[in-house]
Amino acid sequence: MVVINNQRSTAIVIRNDGHKVTMVPMSSGKLSARTVSFNEFRADWQETGYALSLALTTFLSHIMKWGASLEVSRGLEKLAARDRFVVSSLF
């Protein structure tokens, strides 16, 4: 899921267990994950209409240039793999 907050920061949610949400906010330099409570997430972030595949491409190209923590790299790779599987099953 691609989300945005009131400061116009864009993030991709890589984990949501119903109690805590882990997301990767786009920022300059090395990307790192941020974990917040589900209630805080719902209060501060809204889902965008931005395509997940396009956002993943943008985030992964940013990682290639600037780097990311291991948690972010693995989370985005798993999300990209799951997204490819879902899209391929439609055809």
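Whatever comes next refers back to the structure up there.
Residues numbered from 1 in each chain as written. Predicted model: local features only at pLDDT ≥ 70, side-chain atom pairs only at ≥ 80, totals over all residues. Heavy atoms only, no water.

**Student:** What should I look at first to understand the pattern of salt bridges in this one?
**Tutor:** When their charged atoms lie close together, side chains carrying opposite charge are able to pair. Within the structure shown, the criterion is met by two salt bridges. In this structure, the salt-bridge partner of E71 is R15, at a minimum N-O distance of 3.3 Å. Of this pair, E71 sits in helix 3 (residues 70–89) while R15 sits in strand 2 (residues 10–16), and the two are 56 residues apart along the sequence. Between E40 and R34 there is a salt bridge whose closest N-O contact spans 3.6 Å. The class of E40 is partly exposed, set by a relative accessible area of 34%. (Salt bridge = Lys/Arg side-chain N within 4 Å of Asp/Glu carboxyl O. Helix = DSSP H or I, 4+ residues; strand = E, 2+ residues; numbered from the N terminus. Buried < 20%, exposed > 50% of the residue type's maximum accessible area, 1.4 Å probe, protein only.)

**Student:** Help me out: how do you make sense of the pairing of strand 1 (residues 2–5) in this one?
**Tutor:** In strand 1, alternate side chains face the same way, and those of V2 and I4 on one face and V3 and N5 on the other are all buried. Bridge count for strand 1 against strand 2 is three bridges, and the pairing is antiparallel. Bridging from a neighbouring strand, V3 pairs with A11 of strand 2. Following strand 1, the chain reverses through four residues before pairing antiparallel with strand 2; R8 in that reversal takes a positive phi of roughly 70°. With three bridges joining them, strand 1 and strand 5 (residues 45–47) adopt antiparallel strand pairing. Of the residues in strand 5, the one forming a bridge with N5 is W45. (Pairing = 2+ DSSP bridges.)

**Student:** What should I look at first to understand the sheet that holds strand 2 in this one?
**Tutor:** Strand pairing in a sheet relies on backbone hydrogen bonds. The paired strands run either parallel or antiparallel. On the basis of which strands lie adjacent, the open sheet formed by five strands has the order 4-3-2-1-5 and antiparallel pairing. Lying at the two open borders of the sheet, with one neighbouring strand each, are strand 4 (34–37) and strand 5. Across the sheet, the mean angle from the axis of one strand to that of its neighbour is 40°, orientation sign disregarded. Across five bridges, strand 2 lies against strand 3 (residues 20–25) in antiparallel orientation. Counted as the bridge partner of R15 is T22 from strand 3. The sheet strands contacting helix 2 (residues 52–66) are strand 1, strand 2 and strand 3, and the helix crosses strand 2 at an angle near 100°. (Axes fitted to C-alpha atoms, helices over the stretch in contact; angles between N-to-C directions. Contact = heavy atoms within 4.5 Å.)

**Student:** So what exactly am I meant to see when it comes to the nonpolar core here?
**Tutor:** If you look at soluble globular proteins, the nonpolar side chains tend to sit buried side by side. Of all hydrophobic cores here, the largest spans 14 residues; its most connected members are I12, L31, V72 and L76. Elements with a contribution of two residues or more to this core: strand 2, helix 2 and helix 3. Among residues more than four places away in sequence, those in contact with V72 are V24, L31, S32, A33 and I63. Grouped together as the second largest cluster of nonpolar side chains are eight residues, M23, V36, F41 and W45 included. (Core = buried A, V, L, I, M, F, W, Y, C linked by side-chain atoms within 4.5 Å.)

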